[in-house]
Amino acid sequence: MWSANSFQRKVIEYYRQHGRKHLPWHGTKDPYRIWLSEIMLQQTQVARVIPYYEAFLERFPTIVDLAEASSDEVMHLWSGLGYYSRARNLHKAAKIVAKDFAGTFPQDPEEIEALPGIGRSTAGAIAAFSFDKPTAILDGNVKRVLARCYGIEGWAGKSAVLKSLWAKAEKNTPSQNTAQYNQAMMDLGAVVCTRSKPKCEQCPLAKECYALKQDMISELPGKKPKKTRPKRSVYWLVCIDNNQVLLHKRPPSGIWGGLWCFPELDQTAPIPEHYEQLSSFVHKFSHYDLEVQPLLVKKLSKTGIMEPNETDRFALNLFDKKKQAKTTAIGLPTPVSNLLASLS
DNA sequence: AAACCGTGGTA
DNA sequence: TTACCAAGGTT
């Protein structure tokens, strides 16, 4: 096994020769742009992020622009990207930076990590890429490279495994050229040391890789234990009146928090008396299946749905179905957007 | 510790 | 087709 120093040199040399250097967030040290890219890239692939990243920056060029925006418009620009708490936390953090840091992004890794939505790895990435701090990262790419290279077994969701991976990440991270090293590790994991069919013949670490030597590539890194996904069944009420569609804003926490949705009823609840069934469908989340039966409601007697209730959970929002969401800056979950499109 | 939180591509 | 999962963080 080589020294940390040798490991670093091989990884950085690989990056200098073969790494990706022209993604939209490369070539900048603007912490706002680095931060935005890191958040969007959480559990999301590069190709999918790029158009969202560019549209977001076009609308909010600076962190103060973002801080001053409405939550509906922020969610609108995140619609379809998923994991919407990222957008809510991003907006929240922008307001904190604008107010508590006079609009200047903090450089101290601990202050960065204290912002909502930024964990240890994302804080390390921002601090290294923007401010040349010697901070380590441990995203999915780095986890995969380290687990295979050093034979670190077990699922990273287990705290002991995660601790072991962090220890190796810290040990291997150089105090100089940290940004380049971190970028190189991400790139190596994303392009060469992929989950399936890694390109070991292109890997600068292949000579000493534990997983390759032991023929354990498919076993490392350890997989998350699988469990059966439950199914939930709901009605969505499609209430159209005067060319407008009734939507309500979901509460800030929970699934699709802060996004606008058709009024939703559990299938045990009483439903309107006059309706027409539209085509049902199943929306698959990572942790459960949602079976949706849309009901085109003809008459709203005895449902109470059209009345904003005491707690204001059913705020009324009528918008022009012909204009769709394109001219209406609100957040819409993908299946809501799809159903709206099918109505016009 | 383990559940929660989206979506679309891939095999 | 189903199952897995991609630059994680919060509770």
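Residues numbered from 1 in each chain as written. Chains lettered and ligands numbered in written order. Predicted model: local features only at pLDDT ≥ 70, side-chain atom pairs only at ≥ 80, totals over all residues. Heavy atoms only, no water.

Looking at an unreviewed UniProt entry, one finds chain A named Adenine DNA glycosylase and attributed to Kangiella japonica. Quoted verbatim from the Function (unreviewed entry) field of UniProt, the annotation for chain A is "Adenine glycosylase active on G-A mispairs. MutY also corrects error-prone DNA synthesis past GO lesions which are due to the oxidatively damaged form of guanine: 7,8-dihydro-8-oxoguanine (8-oxo-dGTP)." Comment text from UniProt for chain A, heading Catalytic activity (unreviewed entry), reads "Hydrolyzes free adenine bases from 7,8-dihydro-8-oxoguanine:adenine mismatched double-stranded DNA, leaving an apurinic site." (UniProt positions renumbered as here; feature names shortened; annotations may be inferred.)

(A) Quick look at the overall build of chain A. Per the secondary structure count, chain A includes 13 helices and eight strands. A principal-axis box enclosing the C-alpha atoms of chain A has dimensions of 75 × 50 × 30 Å. Looking at chain A as a whole, 48% of its 344 residues are labelled buried. Sequence-distant contacts in chain A: of pairs separated by 6 or more residues, those separated by 24 or more amount to 66%. Accessible surface for chain A amounts to roughly 17800 Å². Of this, 50% is attributable to carbon and sulfur atoms. Averaged over its 46 positive side-chain charges, chain A has a centre that lies 6 Å from the centre of its 34 negative ones. (Helix = DSSP H or I, 4+ residues; strand = E, 2+ residues; numbered from the N terminus. Buried < 20%, exposed > 50% of the residue type's maximum accessible area, 1.4 Å probe, protein only. Contact = heavy atoms within 4.5 Å. Areas by Shrake-Rupley, 256 points an atom, 1.4 Å probe, with all protein chains shown as cover. Lys, Arg positive; Asp, Glu negative; His and termini not counted. Charge placed at Lys NZ, Arg CZ, Asp CG, Glu CD.)

(B) Examining the pattern of salt bridges more closely. Summed over all chains, the structure comprises 13 salt bridges. One salt bridge connects Arg-229 with Asp-289, and the closest N-O pair in it is separated by 2.9 Å. One end of the pair, Arg-229, is in the loop between α12 (210–213) and β1 (231–241); the other, Asp-289, is in strand β7 (residues 289–299), with 60 residues separating them in the sequence. Between Lys-284 and Asp-289 there is a salt bridge, with the nearest N and O atoms lying 3.3 Å from each other. With relative accessibility at 55%, the residue Lys-284 sits in the exposed group. When salt bridges with common partners are traced through the structure, they connect Arg-229, Lys-284 and Asp-289 into a single cluster. (Salt bridge = Lys/Arg side-chain N within 4 Å of Asp/Glu carboxyl O.)

(C) The domain arrangement of chain A, seen in detail. By domain assignment, chain A separates into domain 1 (4–213) and domain 2 (231–343). Placing a centre on the C-alpha atoms of domain 1 and another on those of domain 2 gives a separation of 36 Å. Each partner contributes to the interface: domain 1 provides 10 residues, whereas domain 2 provides 17 residues. Interface area, domain 1 with domain 2, both sides summed: about 890 Å², of which 47% is carbon and sulfur. At the junction of domain 1 with domain 2, the criterion picks out one salt bridge. (Domains from an automatic or database assignment. Buried area = accessible area lost by both parts, 1.4 Å probe.)

(D) Spotlight on the protein's contact with DNA strand B. Near DNA strand B, the surroundings consist of 22 residues, among which Tyr-84, Lys-158, Ser-159, Trp-256 and His-283 are the closest. Backbone atoms, meaning sugar and phosphate, form 68% of the atoms of DNA strand B found within 4 Å of the protein. Between DNA strand B and Arg-48, the relevant distance is 3.4 Å, taken from a sugar or linking oxygen to a side-chain nitrogen or oxygen of the residue. A distance of 2.7 Å is found between a phosphate oxygen of DNA strand B and a backbone nitrogen or oxygen belonging to Trp-256. Sorting the residues of the surface near DNA strand B by element identifies β6 (281–284) and α13 (334–343) as the ones contributing at least two each. In the surface near DNA strand B, the residues fall into eight nonpolar, 10 polar and four charged. (Near = heavy atom within 4 Å. Polar contact = N/O pair within 3.5 Å; in protein donor to acceptor, adjacent residues only side chain to side chain. Nonpolar A, V, L, I, M, F, W, Y, C, P; charged D, E, K, R; others polar.)

(E) Seen up close, the protein's contact with DNA strand C. Neighbouring residues of DNA strand C: 24 residues in total, closest Leu-41, Gln-43, Thr-122, Asp-139 and Asn-141. Of all atoms in DNA strand C that approach within 4 Å of the protein, 69% are sugar or phosphate atoms. Contributing elements (two or more residues each) for the surface near DNA strand C: α8 (120–131) and α9 (140–150).

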